[in-house]
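Residue-level structure breakdown
Listed below are the residues making up each chain.
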Number of protein chains: 2
Amino acid sequence: MIHAFSGGVGGAKLARGLADVVPPQDLTLVVNTGDDFDYLGLRIMPDFDSVVYAVSGLNDEERGWGRSGETWRCKETLGKLGVDTWFSLGDKDLALHLLRRSLLDGGATVTDAATEIAQGLGITCRVVPMTNHPVRTMVVTDEGELSFQDYFVRRRCEPRVRAFRFAGANRGTPSPAWFQSLASGASSGLVLCPSNPFVSIDPILSLPAVRGLLMRREFPVVAVSPLVGGAAVKGPLAKMLRELGLDCDPLAIAAHYADFLDGIVIDQRDAAYEAELRRRGLRIAVCDTMMADRDVSRRLARVSLDLLTECGARRAA
Amino acid sequence: MIHAFSGGVGGAKLARGLADVVPPQDLTLVVNTGDDFDYLGLRIMPDFDSVVYAVSGLNDEERGWGRSGETWRCKETLGKLGVDTWFSLGDKDLALHLLRRSLLDGGATVTDAATEIAQGLGITCRVVPMTNHPVRTMVVTDEGELSFQDYFVRRRCEPRVRAFRFAGANRGTPSPAWFQSLASGASSGLVLCPSNPFVSIDPILSLPAVRGLLMRREFPVVAVSPLVGGAAVKGPLAKMLRELGLDCDPLAIAAHYADFLDGIVIDQRDAAYEAELRRRGLRIAVCDTMMADRDVSRRLARVSLDLLTECGARRAA
């Protein structure tokens, strides 16, 4: 069994690559839920939805979020009714949220609902929310503490970040649907997809049982660097690193995961960092990490899995 | 103040006619909520929505229900996700249901939410749900008791009806937003719009306080016959009358409301019944009641109001 942690768009592309190359029964994708929120009575799960749309091929490649062929009649009408439509809900996307709401209202756990939705989209590998427990990512900024959506959507990532807090995490248990197989020794390894470490991967790591497991793990862990040439492919990562006084390079990423990282995949544009990363005891793979199309995603997935195998062999030795 | 009771489509057309000819501050439209139900976590209010769409001019004249210019992307997507889409939710219509759900979740009464929605659609007269209390119309058929939506949508009105039951009515109080002004003596009269008496008007009458008020009323009441030439303009009324062993004519309608009816507007095609209706003590108006367009709706509204005035004068005398 291969496990992978992922946030939204960037991570979702690698998730699709992994789903393309790993037999479905051997892949478990674990998705950040720290960005989840309620809007108009619907439970919005931005990262989970990004992953299932990417894996099922329904995502809009051009816009980078949401569904392809999307229409916005409902949103336009909400606006005319005087509703604050700060969050864009597409007409097709709405169906997924309505289904999820009705499943949750019927007593399903977040994981149950997620499983049914992924299956409804024709996905055969496991796609699991990190936890059934409410965990909310809070961004501590120079304007005070903002919810992730406030920071990311309303304020367009403008406030300077100081720290991150995962409200509810200390009481959160990882969803058994993924954690059992990782904790039981059945896993070949864990891939940290190229999502923002602070707001996409760290929420998963903030669950006490998860960090505990990683510290005593019996499986290899590799990360795919979300940076290319000192910039994030998408999103506020580079800005966050600078505001936190960190460098925008693979060394910062490796340092962030240092407690449990065995290997890191870096972009060929960052090949100069290879030597220093090796010096720090990591195994390295270098390749094109800009997933401009599905082929690149698949190749990056294979490279990540090969590195995982290499790290696994080294750990066994 | 003019009051009117209305169900869905047919009644909604007259509701719009009334809104066209009565100053908004002088008109209170009271709408049946016996058909209301929850679907995918949304509160669907079919008759209330028909009335507000008709009064705001957003209704689809051709289809006879729902919004004009409607699209169905969400419904199609729900179907692909395996959801039973027995009830058609349009993309624009969805906005109204989402707004209503969020208002109700925020603690608004059904009336509060209705008021906000009507205002959001630009409506200036009062449009009020009959009650804030859950009342559900049950249709007693030869296949047992069915909820209204089961009978009307799923079973397409095929089962033979025997009776009707309004679950919850005996504990329901009429919404103060309309009842106060009718009970206080401030009303010039009540128009029963040409909706199905059994499943659109009777639910309103089933509220004990309403029937009690009508029995001791100090205002005139006129009905607009929902039948034309022995047939319903739309819907299962004629079939229901036959199955209940009643005739499909204005006499049956007048008899149904006999306890409190002062006048009835009948279609010119039913002019032959005028004499018998007068013999029963009712005042009559005869005109075109097939509201094929807005002009006919307005004329019918004026005829109804004139008859109301006539009945009011007679009562005063």
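Residues numbered from 1 in each chain as written. Chains lettered and ligands numbered in written order. Predicted model: local features only at pLDDT ≥ 70, side-chain atom pairs only at ≥ 80, totals over all residues. Heavy atoms only, no water.

Structural notes on the sheet that holds strand 7 (residues 144-147) of chain B
Residues and elements named next belong to chain B. Ordered in space as 7-6-8, the three strands form an open sheet in which the pairing is antiparallel. With one partner strand each, in any of the chains shown, strand 7 and strand 8 (161-167) form the two edges of the open sheet. The mean inter-strand angle of the sheet, taken between neighbouring strand axes irrespective of direction, is 30°. Here helix 8 (residues 197-205) sits on the sheet in contact with strand 6 (136-141) and strand 8, set at roughly 30° to strand 8. (Pairing = 2+ DSSP bridges. Helix = DSSP H or I, 4+ residues; strand = E, 2+ residues; numbered from the N terminus. Axes fitted to C-alpha atoms, helices over the stretch in contact; angles between N-to-C directions. Contact = heavy atoms within 4.5 Å.)

Brief notes about the nonpolar core
If you look at the biggest cluster of nonpolar residues, it comprises 118 residues, and the most contacted ones within it are L29(A) and L29(B). Here L29(B) is in contact with A4(B), A15(B), L18(B), V51(B), V55(B), C125(B), R126(B), V127(B) and V128(B), once residues within four sequence places are set aside. (Core = buried A, V, L, I, M, F, W, Y, C linked by side-chain atoms within 4.5 Å. Buried < 20%, exposed > 50% of the residue type's maximum accessible area, 1.4 Å probe, protein only.)

A word on the state of the cysteines
All names here are of chain A. Counted under the stated rule, the structure contains zero disulfides over all chains. Not part of a disulfide, C311 finds its nearest cysteine sulfur in C287, a span of 14 Å. The buried category is assigned to C311, whose relative accessible area is 1%. (Disulfide = S-S within 2.5 Å.)

Brief notes about the relation of the copies chain A and chain B
Expressed as a screw transformation, the operator carrying chain A onto chain B has a rotation angle of 180° and an axial translation of 0.1 Å, and the superposed copies differ by an RMSD of 0.0 Å. Expressed as a symmetry operation, the mapping of one chain copy onto the other fits a two-fold axis. Taking the C-alpha atom as reference, chain A places D91(A) closest to the rotation axis, 3.0 Å from it. Both copies contact each other with a shared surface, as 100% of the interface residues of chain A are interface residues in chain B too. (Least-squares fit on C-alpha atoms with pLDDT ≥ 70 in both.)

What to know about the confidence of the model for chain A
Summary statistics for chain A give a mean pLDDT of 94 and a share of 100% for residues scoring 70 or more. Our summary of model confidence lists the complex with pTM equal to 0.88 and ipTM equal to 0.85. (pLDDT = per-residue confidence, 0-100.)

Re the sheet that holds strand 1 (residues 2-6) of chain A
All names here are of chain A. Strands sit in the order 5-2-1-9-10-13-14 across an open sheet of seven strands; the sheet is parallel. The open sheet has two free edges, formed respectively by strand 5 (126-129) and strand 14 (283-287), since each of these has just one partner strand. Going across the sheet, the axis of each strand differs from the next one's by a mean of 20°, ignoring polarity. As defined by bridge partners, strand 2 (residues 27-31) adjoins strand 5 across four bridges and the pair is classed as parallel. When the bridges of strand 5 are listed, T28 appears paired with R126.

Some words on the interface of chain A and chain B
If you look at the interface, chain A gives 25 residues, while chain B gives 25 residues. Surface buried jointly by chain A and chain B totals about 2000 Å² across both partners, of which 78% is contributed by carbon and sulfur atoms. It is L40(A), L81(A) and L98(A) in chain A that bury the most area against chain B; as a group they hold 29% of the surface buried on that side. Run the count over chain A and chain B and you get zero salt bridges. Considering every element that reaches the side of chain A that touches chain B, the biggest residue donor is helix 4 (residues 91-105) of chain A, with 10 residues. Looking at the side of chain A that touches chain B residue by residue, the class counts come to 13 nonpolar, five polar and seven charged. (Buried area = accessible area lost by both parts, 1.4 Å probe. Salt bridge = Lys/Arg side-chain N within 4 Å of Asp/Glu carboxyl O. Nonpolar A, V, L, I, M, F, W, Y, C, P; charged D, E, K, R; others polar.)

Focus: the pattern of salt bridges
Residues and elements named next belong to chain A. By the definition in use, this model includes 48 salt bridges over all chains. R73 serves as the salt-bridge partner of E76, at 3.0 Å between the closest nitrogen and oxygen. Taken together, the residues E76 and R73, both in helix 3 (residues 73-80) and three residues apart, mark about one turn of the helix. The class for E76 is partly exposed, based on a relative accessible area of 39%. Residues joined by salt bridges that share partners form a network here, namely D20, R294, D295 and R298.

Things to note about the packing of aromatic side chains
Across all of its chains, the model carries 22 aromatic pairs over all chains by this definition. Relative to W86(A), the ring of F37(A) has its centre 5.4 Å away and its plane inclined at 35°; by these criteria the two rings are tilted. In this pair, F37(A) is assigned in strand 3 (residues 37-39) and W86(A) in the loop between helix 3 and helix 4, connecting sequence segments 49 residues apart. Given the relative accessible area of 11%, F37(A) is considered buried. With a centroid separation of 5.9 Å and an interplanar angle of 75°, the aromatic rings of Y39(B) and W86(B) are classed as edge-to-face. One end of the pair, Y39(B), is in strand 3 (residues 37-39); the other, W86(B), is in the loop between helix 3 (73-80) and helix 4 (91-105), and 47 residues separate them in sequence. Residue classification places Y39(B) among the buried positions, given a relative accessible area of 6%. Positioned above the aromatic ring of W65(A) is the side chain of R63(A), whose terminal nitrogen or guanidinium carbon lies 4.7 Å from the ring centre. (Phe/Tyr/Trp six-rings, centres within 6.5 Å; stacked < 30°, edge-to-face > 60°. Lys NZ or Arg CZ within 6 Å of the ring centre and 35° of its normal.)

Some details on the packing of helix 2 (residues 46-55) of chain B against helix 4 of chain B
When two helices pack together, you describe them by how their axes are tilted relative to each other and by the distance separating the axes. Residues and elements named next belong to chain B. Relative orientation of the contacting elements helix 2 and helix 4 amounts to 120°, with a least axis distance of 12 Å. Taken together, the axes of helix 2 and helix 4 are oblique relative to one another. Helix 2 and helix 4 meet at a crossing whose hand is right-handed. Between helix 2 and helix 4, the residues in contact are F48, D49 and Y53 and D93, L96, H97 and R100, respectively. A per-class count over the contact of helix 2 with helix 4 returns three nonpolar, one polar and three charged. (Parallel < 35°, antiparallel > 145°, perpendicular 65-115°, else oblique. Left-handed = near helix turned anticlockwise from the far one by under 90°.)

Notes on the side chain of D202(B)
All names here are of chain B. Along the chain, D202 turns up in helix 8. R211 provides the closest opposite charge to the buried, unpaired D202, separated from it by 5.0 Å. Discounting chain neighbours no more than four positions away, the residues touching D202 are F166, P197, H256 and Y257. (Lys, Arg positive; Asp, Glu negative; His and termini not counted.)

Concerning unusual backbone geometry
All names here are of chain B. The phi torsion at L40 lies on the positive side, around 50°, for a residue other than glycine. For L40, a relative accessible area of 12% puts it in the buried group. Located in the positive-phi region is R156, a residue other than glycine, with phi close to 50°.

What to know about helix 7 (residues 176-183) of chain B
Residues and elements named next belong to chain B. Among all positions in helix 7, only W178, F179, S181 and L182 are buried. Along helix 7, the residues classed as buried sweep out an arc of 170° about the axis, all on the same side. Close packing links the buried residues of helix 7 with strand 1 (2-6), strand 2 (27-31), strand 5 (126-129), helix 8 and helix 9 (208-215). Of the residues flanking the end of helix 7, it is G185, one or two places downstream, whose phi is positive at about 90°. (Arc of directions from axis to C-beta.)

Looking at the side chain of E243(B)
Residue and element names in this part refer to chain B. Along the polypeptide, E243 turns up in helix 10 (residues 237-243). You can call E243 buried: its relative accessible area is 16%. Discounting chain neighbours no more than four positions away, the residues touching E243 are P159, R160 and V161.

Some thoughts on helix 4 of chain B
In a regular helix each residue adds 1.5 Å, so 15 residues correspond to 21 Å; helix 4 of chain B covers 21 Å between its end C-alpha atoms and thus fits that length. A positive backbone phi angle near 100° is found at G107(B), which sits one or two residues after helix 4 of chain B. (Expected span 1.5 Å × (residues − 1).)

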